[in-house]
There are 2 protein chains.
Amino acid sequence: MTDLLRTSRVCYARFMGVTIKDVAREARVSMASVSRALNGTGAVRKEIRERVLAAAERLNYVPNSGAQSLMTRRTRTIGVLLPRFHGEFFFELIRGIDSAARSRGLHLLVSTSHNDAGETRQALRAMVGRVDGLLALLPHVDAQFLHQTLRGTLPIVLLSTADIEHVYASVRIDNFGGAYAMVKHLVACGYRSIAHISGQPDNVDTEERARGYFAALAQELPDAKPIVVQGDFTEESGYKAAQELLRLRERPRAIFAANDMTAIGCISAIMEAGLSVPDDVAVVGFDDIPTARFVRPALTTVSVHIADLGARALECLASGIEKPETLSSITEIVPADVVVRDSCGARRQSRGAGV
Amino acid sequence: MTDLLRTSRVCYARFMGVTIKDVAREARVSMASVSRALNGTGAVRKEIRERVLAAAERLNYVPNSGAQSLMTRRTRTIGVLLPRFHGEFFFELIRGIDSAARSRGLHLLVSTSHNDAGETRQALRAMVGRVDGLLALLPHVDAQFLHQTLRGTLPIVLLSTADIEHVYASVRIDNFGGAYAMVKHLVACGYRSIAHISGQPDNVDTEERARGYFAALAQELPDAKPIVVQGDFTEESGYKAAQELLRLRERPRAIFAANDMTAIGCISAIMEAGLSVPDDVAVVGFDDIPTARFVRPALTTVSVHIADLGARALECLASGIEKPETLSSITEIVPADVVVRDSCGARRQSRGAGV
DNA sequence: GACATAATTGAAAGCGCTTTCTGCGAAAAG
DNA sequence: CTTTTCGCAGAAAGCGCTTTCAATTATGTC
C-alpha cells in the first residue's frame, strides 16, 4: 500500500532514499562489506563485491554524502564567501574558481551578500561541517574577525582582504602597481591633468588603487594637483562623478576610474555632455571585465586576469587542505597590467584596430 | 603542550572544532539542553539557557551543520546543476537564483560542466544528502535520465530542459514566442531576406528558437526562403556564420542570431567586411545579456529576464520543498519580449537615443 | 593432518547532532 | 495533606555512514 503510493507520486513524496542498510540486506552481507565494496577500501571477495554492486544497482542506491563526510571529515567542497553577486568582476572570479575546483573534483558552496559582520558570521558558521576550506573575499572584514569567528577550524584563503598581520594565506591583485602603471601610461599619452574616481570607501582595493594614483602622479607629474571624486565601483557612481568632474573650472583631460563599471558610467556622462572620449576626455578603468572590449570606445584598462586570480586562490587552498603546513601566511600577488584600447587615446593614429 | 602548539599554528592544524559535548560539559548540563537552548526548541529554564549561551560563547562553539542536517534532514541548501560556467547568460541566471536563495536564507551548491551523462550522474549523486532540492539546467539530459538516477529522492525543478512527459516541474523561456516576435519585428522593419544562425545542436532552446524563426517567416513572409547556418551559441560561431552568410550570392538583409554572443560575433565579422550594421545588414540576438547594451551598435534582442528566470525557478523549488504537493509537473513559461536598440535599424531616424 | 598465517567478514563503536522518552520536583487541584 | 498535572532536564536512541576489532574462514607450512 505504502509502496503503491510511493510509486504513483514519485516526484511529490520525499520518501527517504535507500540506505546502505537496505543494500546490505538485499545483498545478504553486512553494511561494512557494502561500504568496502562500494568504496574499494579494504579487501572484499570478488563474489561479494559483485553481489553488492548488483544489489546497489537494483535498489538504485545513492550514498548520502552528508553522512559520509560526517565520518570521513572530508566534504570535497569549498566554501566561497563573496560580498555580493553582482558585476562581471565576481562572475569572472567565480568562473576561475569554478574551473579550478572542477578539475580537482571539488564542489562549491557559495554564499553572498553579507552586509554586516553579523551576516558574515552567520554565513561562516553555516559553512562549518559542510566544507573543507574557505575562499573569502570580504573587503570590510579583517583577519581578526575571522580569527575569532572560526579560530582555525577551517583552512582559509583570503582574496584581496585586509590582513595586516599576515595571519592567513591570501592572494591579491597588484592594485598599487596596476594603478601606478596606468597613471604612468596616461602621462605618457601626454595628459597633464588626470583625475581619479575612487571606489567604495573602506575597501582595500579602493585604497591601494588610489595610493597608486597618488604615487604615480607625485612621481611623474610633480606639479599636477591630484583630483579625486568618491565613487563606489558602480556604473551609476561613475556617471555622477564624471558629471561632477565636467563641472570643474579646469576640466581634467583624463580620468582614471577605480574600476571598469565606473569608467563605463563615466563615458556615458561625458558623451551625454556632447564631448568625445578620448578626444576631449580620456577615460580608463581597472579590472578588464569582458565588457571592456565591447564598450565603445573600447576601454583601456588594467587587466587583473580575474579568473586566474580565482583559480590561483583555489589552487592555494586545495593544496593547503592536502598539506596544512603549506598553507602558511603566504601572500601571493597577481600582477596587473595595462591593456591599451581606444578610450585612452593612445591609439588615435591607428584607428580601426578594434577589439 | 598540545594547546601551545595549537595556538601557535592556528591556521595550520586541523584540530577538531569544539562539539556540543564540550559545551555541555562546560555548562554542566546535558547535550540535550545545549541543543534546546541554542536552537530555541523545547523549554529551557532561563538560568540554564544563559549558562549554555555563556559556555558556547566562551568556547567559541560553532555547530557542525553537516551533523545537524543528518538529523534534521534539512540542509537549507539548494543544488544548482549547470552545463558550464561560461558566458553572461549563466551568470545572470545564477545571480537571479542567488538573490532569491539569499532572501530565503538558502545556500547554493553549484556544480558545472557535465560533459557527458556519466559526469552528470556523478554530480547528481554527490548532491544527495547535501541539498534539499535541485535546480537543473541540463540541455542534453532528459527527464527519464533524471528519473532513474535519483527516483524522486530530491525535489527538482528543471530549467529549459527537455521534459516531454512533464514529469518534473520546470520553468522555461518562451523561446518560440520570442523568436517569432523578433522575426516579425524584422519584417516590420522592412527586411525581406532574413537569415538565422542557430544555436548548439540537440538543445531545446536552439530548436524552439529555430521553430519560431520558421513559423514567423512562413506566416509573415510566405515567399521568402529560410536561410539557416549552424552555430553553437559562441561569439566565434557567430563570427564564422556571418562570414558564410556574407559570401552568399544574395546576401541576407537581416540576421537573427540564436543568442547575443553569436550576434556580437556576427557584428564583428560584418564590420570587418567593411559593411555597416544595421545599414547593410541588420543583426539581432536573443537573451539580452548585460553586454547587449554596451556593444555598438547596441544590440536589438529578445529579453528573457534571465535573472528573473533563475529567481522564479528557485521560488518554485523552495515552495516545492516546503509543500511537496505544490511541486507537481507544472511548467512555467517566462515571457520573452523584443527590446529594440540600434542593431536592427528600427531607430535609424532617431539616432543617439542610446542605451 | 596439525599448526601458523593471511584473507575476509560482521558486529559494533562512533562522527556531532536532534529528539523522543523517562524521571524528577514543583505547582495546581482535590 | 495527598494526588494530579505540568515544566523542565538528562539518558539514550538514532540519522547514514566508515572503520576499528574481533571472529571467521581460507591458505600455506612443517
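Just so it is clear, the structure is predicted and the values come from calculations on it, not from any experiment.

A.B. asks: Explain the overall build of chain A here, please?
C.D. replies: Across its full length, chain A carries 14 helices and 12 strands. A globule of 355 residues ought to have a C-alpha radius of gyration of about 20 Å, yet chain A, at 27 Å, is considerably larger. Along the first, second and third principal axes, the C-alpha set of chain A runs to 85 × 45 × 35 Å. Contacts spanning at least 24 positions in sequence make up 72% of the contacts within chain A whose residues lie at least 6 apart. Accessible area for chain A stands at about 15,400 Å²; split by element, carbon and sulfur atoms hold 51% of it. Treating the 42 positive side-chain charges of chain A as one cloud and the 40 negative ones as another, the clouds have centres 8 Å apart.

A.B. asks: Looking at this structure, how should I read the protein's contact with DNA strand D?
C.D. replies: Residues in close proximity to DNA strand D total 28 residues, the closest being Ile 20 and Tyr 61 of chain A together with Arg 45, Met 71 and Arg 73 of chain B. Of everything in DNA strand D that lies within 4 Å of the protein, sugar and phosphate atoms constitute 61%. At 2.4 Å from a phosphate oxygen of DNA strand D is found a main-chain nitrogen or oxygen belonging to Ile 20 of chain A. Measuring from a phosphate oxygen of DNA strand D, one finds a side-chain N or O atom of Asn 39 of chain A at 2.9 Å. Of all the secondary structure elements, the ones that give two or more residues to the surface near DNA strand D are α3 (31-39) and α5 (65-72) of chain A together with α3 (31-39) and α5 (65-72) of chain B. For the surface near DNA strand D, the per-class residue count stands at 16 nonpolar, 8 polar and 4 charged.

A.B. asks: When you look at the side chain of Thr 300 of chain B in this model, what are you seeing that I'm missing?
C.D. replies: Here Thr 300 of chain B is to be found in the loop between α13 (291-294) and β10 (301-303). A polar side-chain atom of Thr 300 of chain B sits 2.8 Å from the main-chain amide nitrogen of Arg 341 of chain B.

A.B. asks: Would you explain the interface of chain B and chain A in this entry?
C.D. replies: In many analyses, interface size is given as the accessible surface area lost on bringing the parts together. Opposite the 68 residues of chain B that make contact, chain A presents 68 residues. A combined buried area of about 6,100 Å² lies between chain B and chain A, and 56% of that area is made up of carbon and sulfur atoms. Our count for the contact surface shared by chain B and chain A stands at 2 salt bridges. A salt bridge links Glu 235 of chain A to Arg 293 of chain B; its shortest N-O distance comes to 3.4 Å. Applying the counting rule to chain B against chain A returns 15 residue pairs in polar contact (both at pLDDT 80 or more). Taken together, the elements giving at least two residues each to the side of chain B that touches chain A come down to α5, α6 (88-103), β2 (107-111), α7 (117-127), α8 (143-150), α12 (260-272) and α13 of chain B. It is α6 of chain B that provides the largest number of residues to the side of chain B that touches chain A, a total of 6 residues. Examined bridge by bridge, strand β2 (residues 107-111) of chain A and β2 of chain B share 3 bridges and lie antiparallel to one another. Bridging from a neighbouring strand, Leu 109 of chain A pairs with Leu 109 of chain B of β2 of chain B.

A.B. asks: Where do I start with the protein's contact with DNA strand C in this structure?
C.D. replies: Taken together, 28 residues form the shell around DNA strand C, and within it Arg 45, Met 71 and Arg 73 of chain A together with Ile 20 and Tyr 61 of chain B come nearest. When atoms of DNA strand C within 4 Å of the protein are split into backbone and base, the sugar-phosphate part holds 60%. Here a phosphate oxygen of DNA strand C and a backbone polar atom of Ile 20 of chain B are 2.4 Å apart. Contacts to DNA strand C include Tyr 61 of chain B, whose side-chain N or O atom sits 2.6 Å from a phosphate oxygen. Among the elements of the structure, α3 and α5 of chain A together with α3 and α5 of chain B are those that each provide at least two residues to the surface near DNA strand C. Residue composition of the surface near DNA strand C, by class: 16 nonpolar, 8 polar and 4 charged.

A.B. asks: Would you mind going over the sheet that holds β2 of chain B with me for this structure?
C.D. replies: In space, the 12 strands of this open sheet follow the order β11(A)-β5(A)-β4(A)-β3(A)-β1(A)-β2(A)-β2(B)-β1(B)-β3(B)-β4(B)-β5(B)-β11(B), with mixed pairing throughout. Bordering the open sheet on either side are β11 (331-334) of chain A together with β11 (331-334) of chain B, each of which pairs with just one other strand. If you compare each strand with its neighbour and ignore which way they point, the axes differ by 20 degrees on average.

A.B. asks: What should I look at first to understand the relation of the copies chain B and chain A in this one?
C.D. replies: Between the two copies of this chain, the relationship is a rotation about some axis together with a displacement along it. Least-squares fitting of chain B to chain A yields an RMSD of 0.1 Å, with the transformation described by 0.1 Å of translation along the axis and a rotation of 180 degrees. Classification of the inter-copy transformation places it as that of a two-fold axis. Taking C-alpha positions as reference, the residue of chain B nearest the rotation axis is Leu 109 of chain B, located at 2.2 Å. Of the residues that chain B buries at the interface, 99% are likewise interface residues in chain A, meaning the two copies contact each other through the same surface.

A.B. asks: Explain helix α7 (residues 117-127) of chain A to me, please; I cannot follow it from the model alone.
C.D. replies: Since the α-helix advances by 3.6 residues per turn, residues separated by three or four positions end up pointing in the same direction. Residue and element names in this part refer to chain A. Among the residues of α7, those classed as buried are Thr 120, Ala 123, Leu 124, Ala 126 and Met 127. Considered in projection along α7, the buried side chains sweep an arc of 160 degrees and stay on one side of the axis. Following α7 by one or two positions, Gly 129 adopts a phi angle in the positive range, close to 90 degrees.

A.B. asks: Help me understand the domain arrangement of chain A, please; the structure alone is not making it clear to me.
C.D. replies: Residue and element names in this part refer to chain A. According to the domain assignment, chain A consists of domain 1 (2-63), domain 2 (74-174 + 306-322) and domain 3 (175-303 + 339-350). Inter-centroid distance (C-alpha atoms) of domain 2 to domain 3 is 30 Å. In total, domain 2 and domain 3 occlude about 1,100 Å² of area from one another, counting both sides; carbon and sulfur atoms represent 47% of this. If you look at where domain 2 meets domain 3, you find 1 salt bridge. Arg 172 is the partner of Glu 208 in a salt bridge, and the nearest nitrogen-oxygen pair spans 2.9 Å. Of all the secondary structure elements, the ones that give two or more residues to the side of domain 2 that touches domain 3 are α6 (88-103) and β5 (169-173). Sort the elements by how many residues they give to the side of domain 2 that touches domain 3 and α6 lands first, with 3 residues. Taken together, the residues that form the side of domain 2 that touches domain 3 break down as 5 nonpolar, 2 polar and 5 charged.

A.B. asks: Can you walk me through the pattern of salt bridges in this structure?
C.D. replies: Side-chain pairing between opposite charges can occur once the charged atoms of the two side chains come close. All names here are of chain A. Considering all chains together, one arrives at 31 salt bridges over all chains under this definition. The residue Glu 47 makes a salt bridge to Arg 45 at a minimum N-O spacing of 3.0 Å. A relative accessible area of 54% means that Arg 45 is categorised as exposed. If you follow the salt bridges from partner to partner, you end up with Arg 45, Glu 47 and Arg 51 in one network.

A.B. asks: What's the story with the packing of aromatic side chains in this structure? I'm lost.
C.D. replies: Two aromatic rings are characterised by how far apart their centres lie and by the angle between their planes. All names here are of chain A. All chains considered together, the criterion is met by 9 aromatic pairs over all chains. Seen from their ring centres, Phe 89 and Phe 90 are 5.4 Å apart, and the 80 degrees between their planes marks the pair as edge-to-face. Grouping residues by exposure puts Phe 89 and Phe 90 together as buried. Sitting over the face of the ring of Phe 286, Arg 209 holds its NZ or CZ atom 3.8 Å from the ring centroid.

Rules and cut-offs
- Residues numbered from 1 in each chain as written.
- Chains lettered and ligands numbered in written order.
- Predicted model: local features only at pLDDT ≥ 70, side-chain atom pairs only at ≥ 80, totals over all residues.
- Heavy atoms only, no water.
- Helix = DSSP H or I, 4+ residues; strand = E, 2+ residues; numbered from the N terminus.
- Rg over C-alpha atoms; globule rule 2.2 N^0.38 Å.
- Contact = heavy atoms within 4.5 Å.
- Areas by Shrake-Rupley, 256 points an atom, 1.4 Å probe, with all protein chains shown as cover.
- Lys, Arg positive; Asp, Glu negative; His and termini not counted.
- Charge placed at Lys NZ, Arg CZ, Asp CG, Glu CD.
- Near = heavy atom within 4 Å.
- Polar contact = N/O pair within 3.5 Å; in protein donor to acceptor, adjacent residues only side chain to side chain.
- Nonpolar A, V, L, I, M, F, W, Y, C, P; charged D, E, K, R; others polar.
- Buried area = accessible area lost by both parts, 1.4 Å probe.
- Salt bridge = Lys/Arg side-chain N within 4 Å of Asp/Glu carboxyl O.
- Pairing = 2+ DSSP bridges.
- Axes fitted to C-alpha atoms, helices over the stretch in contact; angles between N-to-C directions.
- Least-squares fit on C-alpha atoms with pLDDT ≥ 70 in both.
- Buried < 20%, exposed > 50% of the residue type's maximum accessible area, 1.4 Å probe, protein only.
- Arc of directions from axis to C-beta.
- Domains from an automatic or database assignment.
- Phe/Tyr/Trp six-rings, centres within 6.5 Å; stacked < 30°, edge-to-face > 60°.
- Lys NZ or Arg CZ within 6 Å of the ring centre and 35° of its normal.

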